[in-house]
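Close look at the chain arrangement
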Amino acid sequence: MVRIYLDEGASADQVEATIRARLSDPEEPALEGLLTLSGSASLQGALQAVIAAREELDRDVKVGSIGVNLSIPGLLADDFRRHVLFHIDAAAEVQGYLVTAALHMSYSYTTTARFILRPLILNATPFVYSLEAIQGNPDRLAEIQAGLDARLALGDEYVD
């Protein structure tokens with residue numbers, strides 16, 4: 001067993017280049033299979049690497065995956081059957097956590113019937129507070145503080 005280290009957030013192309021180099025290195029033991037964890041880029045890159053390297057290899061390298069979906073652009077059914085050994089999609093586990101959290105929230109906090117009977121869909125723009133940016137602009141700091149105070153004043157009625 002060999003662990004191939006990749007940088008966090010590596011793209012599929014970076015994963016492919018790293019694995020392809022490892023597969024074609026004659027000084028290293030031959031790899032028969034790859035196991036990818038968590039990132040769709042790692043699965044996509046691993047599959048691209050074994051597909052690209054199979055002409056120079058004397059074997060089909062299999063790829064197993066835990067924690068991602070298999071919606072990979074351009075992946076042919078023949079390549080899938082030839083190189084994917086197994087796939088465990090962790091989305092069901094994540095959905096279980098979300099349902100449990102929602103049930104706990106409903107049990108622990110008062111939830112109005114209107115919210116349960118008529119679901120509310122929020123379309124919000126995400127934002128990030130940067131301490132450096134805030135400290136460099138006193139007017140922005142006052143604006144953000146006033147916004148936070150207004151939200152806190154809403155108490156349990158505020159949904160963010």
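Basis of the calculations
- Residues numbered from 1 in each chain as written.
- Predicted model: local features only at pLDDT ≥ 70, side-chain atom pairs only at ≥ 80, totals over all residues.
- Heavy atoms only, no water.
- Pairing = 2+ DSSP bridges.
- Helix = DSSP H or I, 4+ residues; strand = E, 2+ residues; numbered from the N terminus.
- Axes fitted to C-alpha atoms, helices over the stretch in contact; angles between N-to-C directions.
- 1 Å grid on protein atoms, 1.4 Å probe; cavity = no way out; pocket = protein on both sides within 12 Å on 5 of 7 lines; lining within 4 Å.
- Points joined across faces, edges and corners; volume = space filled by probe spheres on them.
- Buried < 20%, exposed > 50% of the residue type's maximum accessible area, 1.4 Å probe, protein only.
- Salt bridge = Lys/Arg side-chain N within 4 Å of Asp/Glu carboxyl O.
- Core = buried A, V, L, I, M, F, W, Y, C linked by side-chain atoms within 4.5 Å.
- Contact = heavy atoms within 4.5 Å.

1. A look at the sheet that holds strand E2 (residues 62-66)
The strand order across the open sheet formed by 3 strands is E1-E2-E3, and the pairing between neighbours is parallel. In this open sheet, the two edge strands, each paired with only one partner strand, are strand E1 (33-37) and strand E3 (84-88). For this sheet, the mean inter-axis angle between neighbouring strands, taken without regard to orientation, is 10°. Examined bridge by bridge, E2 and E3 share 4 bridges and lie parallel to one another. Residue pairing for E3: Gly64 is matched across the bridge by Phe86.

2. Quick notes on the layout of surface pockets
A water-sized probe, rolled over the atoms, reveals where empty space remains. Size it by volume and the largest pocket reaches roughly 760 Å³. Every residue lining the largest pocket is counted, 23 residues in all, and those nearest its centre are Arg3, Ile4, Leu35, Thr36 and Leu37. Looking at the lining of the largest pocket, the elements that each hand over two or more residues are helix H1 (12-23), E1 and helix H2 (40-53).

3. Some details on the pairing of E1
Across a regular strand the side chains alternate sides, sitting on one face of the sheet and then on the other. Residue alternation in E1 divides its side chains into a buried set, Leu34 and Thr36, and an unburied set, Gly33, Leu35 and Leu37. Two elements, E1 and E2, share 5 bridges in a ladder whose sense is parallel. Of the residues in E2, the one forming a bridge with Thr36 is Ser65.

4. Thoughts on the pattern of salt bridges
Think of it this way: side chains of opposite charge can pair up when their charged atoms draw near. Inspection of the entire model under this criterion finds 4 salt bridges. Between Glu28 and Arg22 there is a salt bridge, with the nearest N and O atoms lying 3.8 Å from each other. A residue is classified by how much of its surface remains accessible, and Glu28, at 37% relative accessible area, is partly exposed. The network of salt bridges with common partners includes Glu32, Asp58 and Arg59.

5. Here's the deal with the nonpolar core
Ranked by internal contacts, the top residues of the largest apolar core, which has 16 residues, are Ile19, Leu23, Leu34, Val50, Val61 and Val63. Only H1 and H2 provide two or more residues apiece to this core. In terms of residue count, H2 provides more of this core than any other element does, 6 residues in total. The residues touching Leu23, leaving out its near neighbours within four places in the chain, are Leu31, Ala49, Val50, Ala53, Leu57 and Val61.

6. Thoughts on the environment of Gly45
Relative to the assigned elements, Gly45 resides in helix H2. Residues Gly45 and Asp13, 32 residues apart in the sequence, show an inter-C-alpha distance of 6.0 Å.

7. Some thoughts on the side chain of Thr36
Position of Thr36 relative to the elements: it lies in strand E1. In this structure Thr36 touches Ser42, Leu43, Ala46, Val63, Gly64, Ser65 and Ile66, once residues within four positions along its chain are discounted.

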